[in-house]
Amino acid sequence: MNPMTYKLNFRHLTPDAREVGVRHADSELPAVDAVRLREILQDMQKAVAQQAPADPAAPEIRITSPQGVFMVKAANGRLRLHSWNLKSGTREMTVEEILTTVGEHAPDAKHAAKAAARQSSGNGGGALSSIPRWVKIAALVILFGTINAVSGWMLMRPPPDLLPPHEMLSAAATERLLNSVAGEFETGSRPGDRWMTIVRTGNVRIVKYGPKPDESLLTARAATVNGQEVLITSARSMIEIKDADTLVLYGDTYKRMKL
């Protein structure tokens, strides 16, 4: 059996995870074994422990494994794992706990797949059995492709022309508002829920929990609507600020994540 490998995507980190900074471009390592993954996570832990509190960088590593997609982020100089496989959606972990979580369920997943295949073959009588296998596969590919495309479009598209009358604010006002709300928020911790990261520089990142997270990268500026300060994104959407810990986007309420 070939050893398990992981695909890594880096943000605000060098590919060896030894340096943190917004100046570092996104990068990728397509096949990393568990030994190298441990070294990278240990180096990330050292790097984020030395990160200055005012540093706007939001370092993270996306780990793609046979179990799904996991996000390793920094929180107060420690590592935090985000995944829909976790009951809480997110949890502070040691390097060894992260390695165990991203790699421990592979045998169970394989057994489940084999069991599903046996059940499918056992029930495959009647008219369906006369249809050529390649036709079934092609139909499934088209069906799932269409479902995914429509679902992604419906979930991530901005509502057209739904912005209320508003007045954009100055760069100084934008900086002040972003500093007051910067951080991480989520609608929940189950598959289909979303988490939002707002950076003081005005970058906004929204990811949907799931095996293959949908991701939106936006920018935001301050504005006023009926005298209330809001954030207007580059997708022509409005982030309402209920209070320092509560935001609303497209009718979904995001609560600040407690670290």
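Computed from a predicted model, the values in this text were never measured in an experiment.

A. Up close: the sheet that holds strand E5 (residues 78–82). Spatial strand order, E2-E1-E3-E4-E5-E6: six strands in an open sheet with antiparallel pairing. At either end of the open sheet lies a strand with only one pairing partner, and these are strand E2 (27–33) and strand E6 (90–92). Across the sheet, the axes of successive neighbouring strands diverge by a mean angle of 25 degrees, strand direction being ignored. Each of strand E1 (5–11), E2, strand E3 (60–65), strand E4 (68–75) and E5 touches helix H1 (residues 34–49); the most contacted strand, E2, lies at about 135 degrees to it. Where helix H2 (residues 95–103) meets the sheet, its contacts fall on E1, E3, E4, E5 and E6, and the angle it forms with E5 comes to roughly 15 degrees.

B. Representation of the nonpolar core within the structure. The biggest cluster of nonpolar side chains holds 25 residues, and the ones touching the most others in it are Leu8, Leu37, Ile61, Ile63 and Ile98. Those elements giving two or more residues to this core turn out to be E1, H1, E3, E4, E5 and H2. Considering each element in turn, this core owes the most residues, six residues, to H1. Among all residues touching Ile98, those that are not within four sequence positions of it are Leu41, Ile63, Val72, Leu79, Leu81 and Met93.

C. A nonpolar patch on the surface, seen in detail. On the surface, a cluster of nonpolar side chains totalling about 260 Å² of accessible area is made up of Leu140, Leu143 and Ile147. Tracing the backbone through its elements, the reader meets Leu140 in helix H4 (residues 133–156). Look at Leu140 and you get partly exposed, because its relative accessible area is 44%.

D. The arrangement of the pattern of salt bridges in detail. Summed over all chains, the structure comprises 14 salt bridges. Across the salt bridge formed by Glu96 and Arg38, the nearest N and O atoms sit 2.7 Å from each other. Remark: Arg38 occurs in helix H1 and Glu96 occurs in helix H2; sequence separation between them is 58 residues. Judged by its relative accessible area of 28%, Arg38 is partly exposed. A network of salt bridges, in which partner residues are shared, links Glu60, Arg62, Lys73, Glu184, Arg205 and Glu215.

E. Main features of the pairing of strand E13 (residues 238–243). Pairing geometry for strand E12 (residues 228–233) and E13, over three bridges, is antiparallel. Considered in E13, the bridge of Leu231 is made with Ile239. Taking the residues that link successive antiparallel strands as the turn, the E12-E13 hairpin has four residues, and the phi of Arg236 there is positive, at about 60 degrees. Pairing between E13 and strand E14 (residues 246–249): four bridges, direction antiparallel. Looking at the pairing, Asp243 lines up with Thr246 of E14. The loop that links E13 with its antiparallel partner E14 comprises two residues.

Procedures and definitions
Residues numbered from 1 in each chain as written. Predicted model: local features only at pLDDT ≥ 70, side-chain atom pairs only at ≥ 80, totals over all residues. Heavy atoms only, no water. Pairing = 2+ DSSP bridges. Helix = DSSP H or I, 4+ residues; strand = E, 2+ residues; numbered from the N terminus. Axes fitted to C-alpha atoms, helices over the stretch in contact; angles between N-to-C directions. Contact = heavy atoms within 4.5 Å. Core = buried A, V, L, I, M, F, W, Y, C linked by side-chain atoms within 4.5 Å. Buried < 20%, exposed > 50% of the residue type's maximum accessible area, 1.4 Å probe, protein only. Patch = residues over 30% accessible without salt bridge, like charges linked within 9 Å, V, L, I, M, F, W, Y side chains within 5 Å. Areas by Shrake-Rupley, 256 points an atom, 1.4 Å probe, with all protein chains shown as cover. Salt bridge = Lys/Arg side-chain N within 4 Å of Asp/Glu carboxyl O.

It is worth stressing that arrangement in space is one thing and function is another; only the former is reported here.
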